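Structure at a glance
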Amino acid sequence: MEQEFWHQRWAENQIGFHRDSVHPMLMAYWSALNPRLDEEVLVPLCGKSIDLNWLAERHERVVGVELSDIAVRAFFSENLYTPQVYTAPSGHTHYCFDELELISGDFFTARLQPAPLIYDRAALVAMPPSMRQQYVDRVTSLLAPGGRMLLITLFYPQSDDHPPFSMDEHLVRQAYQGMEVTLLDTCTEPCGDRGEQVWLIQAGKS
C-alpha cells in the first residue's frame, strides 16, 4: 500500500471502493462475534465508510484509522458531525464525536490500544502481497486476548497489480495461521466470478 497512491485516489475522488450503504455482510454477521455494547471496535483503513455509523449505534466506542485526511474530513462533513480535533505527539490527527474517534494518518505508526473487536472490510485486500504479512502482524497485535475480528475479503482472477487484491481461502488461512479462522459465508456476484467472503478471526484468550 503506497501512501501516495491512496492520497491521489482520494484527492481525485477515485473511490469506487466506497459504498453508499452499510455492507450487508456486516449487518448479517456482526452478531457472530457475540459483541457487547461496552466492547471497543477498531476499524483499520476505514475511509469515510458509513459502516462506522452502524457500529457506533451498537457500541460505546468505535475507533477508525485512515491514511487520508480528505476521507476523514469528508466523513464528518457528510454526516453533519462537528468533531473535536487534536494532534497527537505521533503527528496523527484525532477527530472525536460522541462514540466515534477517527485517526488520520499511517495505521502502522498510530498509537493504538488492543481492542476486543476489529472490523476489516477493505484493509487486508488493499495491501499488496509485499505488505500483507506486515499488516496481519499489526492487526493481530491489536486484537486483545479473546478478541474477535470480522473480515471481508474479495476473490477473483486478478490480472493486474492494483488493489483490491484477490484473497482466496488458502491465502486468508495462511495469513492468519495461529488464529482460529472460520469462514462464515461466500457470496458470488450474479455476473462473472468475482465474489466476497466473510470470516470470523479469533484470538486466543491468553
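Refer to the preceding data block for the structure.
Because the structure is a prediction, the values reported are computed rather than measured.

**Section: the overall build of the protein**
Scanning the protein from terminus to terminus reveals 6 helices and 9 strands. Within the span of the protein, comprising 206 residues, buried residues form 51% of the whole. A fraction of 65% describes how many contacts in the protein between residues 6 or more apart in sequence connect residues 24 or more apart. Of the accessible surface of the protein, which amounts to about 10,200 Å², a share of 49% is contributed by carbon and sulfur atoms.

**Some details on the packing of aromatic side chains**
Counted by the stated rule, this structure contains 8 aromatic pairs. With 5.2 Å between their ring centres and 85 degrees between their planes, Phe75 and Phe76 make a pair best called edge-to-face. The exposure class assigned to Phe75 is buried, which follows from its relative accessible area of 0%. Of the residues examined, Phe76 reaches a relative accessible area of 2% and is grouped as buried. With 5.8 Å between their ring centres and 65 degrees between their planes, Phe107 and Phe108 make a pair best called edge-to-face. Take Phe107 and Phe108: they sit in the same class, and that class is buried. Linked through ring pairs, Phe75, Phe76, Tyr81, Tyr95 and Phe97 together constitute an aromatic cluster. Of note, Arg58 hangs over the ring of Trp54, and the distance from its end group to the ring centre comes to 3.8 Å.

**Notes on the pattern of salt bridges**
One pass over the structure, following the stated rule, counts 9 salt bridges. Close ionic contact of Glu39 with Arg148 constitutes a salt bridge, the shortest N to O distance being 2.9 Å. Residue Glu39 is found in the loop between α2 (24-29) and β1 (41-44), and its partner Arg148 is found in strand β7 (residues 143-155); the two are separated by 109 residues along the sequence. Salt bridges linked by common partners bring Arg36, Asp38, Glu39 and Arg148 together as one network.

**What to know about the nonpolar core**
Judged by nonpolar contacts, the single largest core of 32 residues is most densely connected at Leu42, Phe107, Leu112, Tyr135 and Tyr176. Breaking this core down by element, the ones donating at least two residues are β2 (62-66), β6 (115-120), α5 (129-141), β7, α6 (169-175) and β9 (195-202). Of all the elements, α5 adds the most residues to this core, at 4 residues.

**Observations regarding the pairing of strand β4 (residues 93-97)**
With 4 bridges joining them, strand β3 (residues 84-87) and β4 adopt antiparallel strand pairing. Counterpart to Val85 in the pairing with β4 is Tyr95. Connecting β3 to the next strand, β4, in antiparallel fashion are 5 residues, including Gly91 with a positive phi near 95 degrees. Pairing of β4 with strand β5 (residues 100-104), which is carried by 5 bridges, proceeds in the antiparallel orientation. Bridging across to β5, Tyr95 finds its partner in Leu102. Taken together, β4 and the strand that follows it, β5, pair antiparallel across an intervening segment of 2 residues, in which Asp98 is found at a positive phi of about 50 degrees.

Reading guide: rules and limits
Residues numbered from 1 in each chain as written. Predicted model: local features only at pLDDT ≥ 70, side-chain atom pairs only at ≥ 80, totals over all residues. Heavy atoms only, no water. Helix = DSSP H or I, 4+ residues; strand = E, 2+ residues; numbered from the N terminus. Buried < 20%, exposed > 50% of the residue type's maximum accessible area, 1.4 Å probe, protein only. Contact = heavy atoms within 4.5 Å. Areas by Shrake-Rupley, 256 points an atom, 1.4 Å probe, with all protein chains shown as cover. Phe/Tyr/Trp six-rings, centres within 6.5 Å; stacked < 30°, edge-to-face > 60°. Lys NZ or Arg CZ within 6 Å of the ring centre and 35° of its normal. Salt bridge = Lys/Arg side-chain N within 4 Å of Asp/Glu carboxyl O. Core = buried A, V, L, I, M, F, W, Y, C linked by side-chain atoms within 4.5 Å. Pairing = 2+ DSSP bridges.

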